[in-house]
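Working through the structure, step by step
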Amino acid sequence: MKYSRQRAAILSFLQSRKDHPTAETVYSSVKEAFPNISLGTVYRNLNQLAEAGMIAKHSFGVLGIDHFDYNTSPHYHFVCKCCYAVIDLPIEHSDFAAINAEASEGFDGMIQEHRLYFCGICKNCLDRESGQT
């Protein structure tokens, strides 16, 4: 992949985040340094970075929009039903290969990976609901 300052800025922005931003969020931030950048350019670069395996692209069905993650290692996510935050879950003892192998038992195809996310209400929303801002 050829180097571009815009792509480097997008990658740097994602590296600084843990909240799995959308393309629109990335665009809003990168636009400060590159006022002439278009949303289409941001989308194109995000997709190219994801296809190259440099970032992860996540589609959470409940959100209906793609989110991007600098962390490409296998890990699970939590999606808040109230504020739609996407949060990494610190599940340390997850054996991704064992889960794939177990799912493959009795299945005639070939399972190569799995994607799983949990849904509920995040701590910030729970605190807000209980009046503990």
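Residues numbered from 1 in each chain as written. Predicted model: local features only at pLDDT ≥ 70, side-chain atom pairs only at ≥ 80, totals over all residues. Heavy atoms only, no water.

A few points about the sheet that holds strand β3 (residues 76–80)
Sheet strands associate in pairs through backbone hydrogen bonding, adopting either a parallel or an antiparallel arrangement. Pairing within the open sheet is mixed, and its 3 strands lie in the order β4-β3-β5. Bordering the open sheet on either side are β4 (86–89) and β5 (117–120), each of which pairs with just one other strand. Here the strands of the sheet are splayed against their neighbours by 30° on average, with no regard to which way each runs. Pairing of β3 with β4 involves 4 bridges; the strand directions are antiparallel. The residue bridging Val-79 from the neighbouring strand is Val-86, located in β4. (Pairing = 2+ DSSP bridges. Helix = DSSP H or I, 4+ residues; strand = E, 2+ residues; numbered from the N terminus. Axes fitted to C-alpha atoms, helices over the stretch in contact; angles between N-to-C directions.)

A few points about the pattern of salt bridges
Two side chains that carry opposite charge are able to pair once their charged atoms sit near each other. Here the structure, examined in full by the defined rule, presents 4 salt bridges. Notably, a salt bridge pairs Lys-57 with Asp-66, separated by 3.5 Å at the nearest N-O pair. Taking relative accessible area as the criterion, Asp-66 reaches 23% and is therefore assigned partly exposed. (Salt bridge = Lys/Arg side-chain N within 4 Å of Asp/Glu carboxyl O. Buried < 20%, exposed > 50% of the residue type's maximum accessible area, 1.4 Å probe, protein only.)

Overview of the nonpolar core
Of all hydrophobic cores here, the largest spans 14 residues; its most connected members are Ile-10, Leu-14, Val-26, Leu-46 and Ile-55. Of all elements in the fold, only α1 (5–15), α2 (23–33) and α3 (39–51) reach the threshold of two or more residues within this core. Here this core gets 4 residues from one element, more than from any other, and that element is α1. Apart from the residues lying within four places of it in its own chain, the contact partners of Ile-10 are Val-26, Val-30, Val-42, Asn-45, Leu-46 and Leu-49. (Core = buried A, V, L, I, M, F, W, Y, C linked by side-chain atoms within 4.5 Å. Contact = heavy atoms within 4.5 Å.)

Details of the packing of aromatic side chains
What the rule picks out here adds up to 3 aromatic pairs. Taking the centre distance of 5.1 Å and the plane angle of 90° together, the rings of Phe-60 and Tyr-117 count as edge-to-face. Linking Phe-60 in the loop between β1 (56–59) and β2 (66–69) with Tyr-117 in strand β5, this pair joins segments that are 57 residues apart in sequence. Seen from their ring centres, Tyr-76 and Phe-96 are 4.9 Å apart, and the 20° between their planes marks the pair as stacked. Of this pair, Tyr-76 sits in strand β3 while Phe-96 sits in helix α4 (residues 96–104); the two residues are 20 residues apart in sequence, bridging distant segments of the chain. What makes Tyr-76 buried here is its relative accessible area of 4%. A connected cluster of aromatic rings, assembled from ring pairs, spans Tyr-76, Phe-96 and Phe-118. (Phe/Tyr/Trp six-rings, centres within 6.5 Å; stacked < 30°, edge-to-face > 60°.)

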